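The primary structure of each chain is shown beneath.
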Amino acid sequence: MADLLLRDARIADDAALVDIVIDQGVIMQLDHLPSGRADHEIDCAGRVVIPGLIESHLHLDKALLDRERPNLDGTLAGAIAVTGELERTFTRASIRDRARRVLDLAITNGTTTIRAHPDVDPIIGLLGVEALLDLREEYRGRIDLQSGPCDKSPDPAGDRRRACPARRCRTQP
């Protein structure tokens, strides 16, 4: 017996209705099947079933900062200034709490993988990386949380980057 049966689903807008058998997270069969073939059954009522969504670039360490202090200018420069002020007050717990709210929303809306890019710099050090490592364990089995820390340390020429250029990001699976 399988874990899950998605009854009367479509795999494309104009496709015929099928039943999808899923066992241990793997699609095992597409067909019209009798009831009682799975532990759980969901009637999709003709809706299209899609794979999980992937968020490939998200700064969970800076998520929802507008709730703490809005960027009244509405500009990139304003956002950078507000973030710079707020990051001095970040704690591992505050980063985790904000990121949790985003992760819960993402899961609720069908996201299965997030690639997060926490900042690493002289102001906050590794707080973002450490908080996301905590959350990766906490959310294991519900979402694949990957971390690609973004090194924002001053470069040798003294240029402190406020963006996350790919050439300066370090990858950590």
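Heads up: the structure comes first, above all this text.
Below: a short report on this structure.

Taken together, the side chains of Ile11, Ile27 and Leu30 present a nonpolar region at the surface, about 300 Å² in accessible area. For Ile11, the position within the fold is in the loop between strand S1 (2–9) and strand S2 (18–23).

A few words now on the sheet that holds strand S6 (residues 111–116). Pairing in this open sheet of 3 strands is parallel, and the strands run S5-S6-S8 from one edge to the other. Bordering the open sheet on either side are strand S5 (53–58) and strand S8 (144–147), each of which pairs with just one other strand. Recorded for the sheet is a direction-independent mean angle of 15 degrees between the axes of neighbouring strands. As paired strands, S5 and S6 are joined by 4 bridges and run parallel to one another. From the neighbouring strand, Glu55 faces S6, where its bridge partner is Ile114.

Here the focus is the side chain of Thr83. Examined against the element boundaries, Thr83 turns out to sit in helix H1 (residues 76–86). We classify Thr83 as buried; its relative accessible area is 14%.

Cut-offs and rules
Residues numbered from 1 in each chain as written. Predicted model: local features only at pLDDT ≥ 70, side-chain atom pairs only at ≥ 80, totals over all residues. Heavy atoms only, no water. Patch = residues over 30% accessible without salt bridge, like charges linked within 9 Å, V, L, I, M, F, W, Y side chains within 5 Å. Areas by Shrake-Rupley, 256 points an atom, 1.4 Å probe, with all protein chains shown as cover. Salt bridge = Lys/Arg side-chain N within 4 Å of Asp/Glu carboxyl O. Helix = DSSP H or I, 4+ residues; strand = E, 2+ residues; numbered from the N terminus. Pairing = 2+ DSSP bridges. Axes fitted to C-alpha atoms, helices over the stretch in contact; angles between N-to-C directions. Buried < 20%, exposed > 50% of the residue type's maximum accessible area, 1.4 Å probe, protein only.

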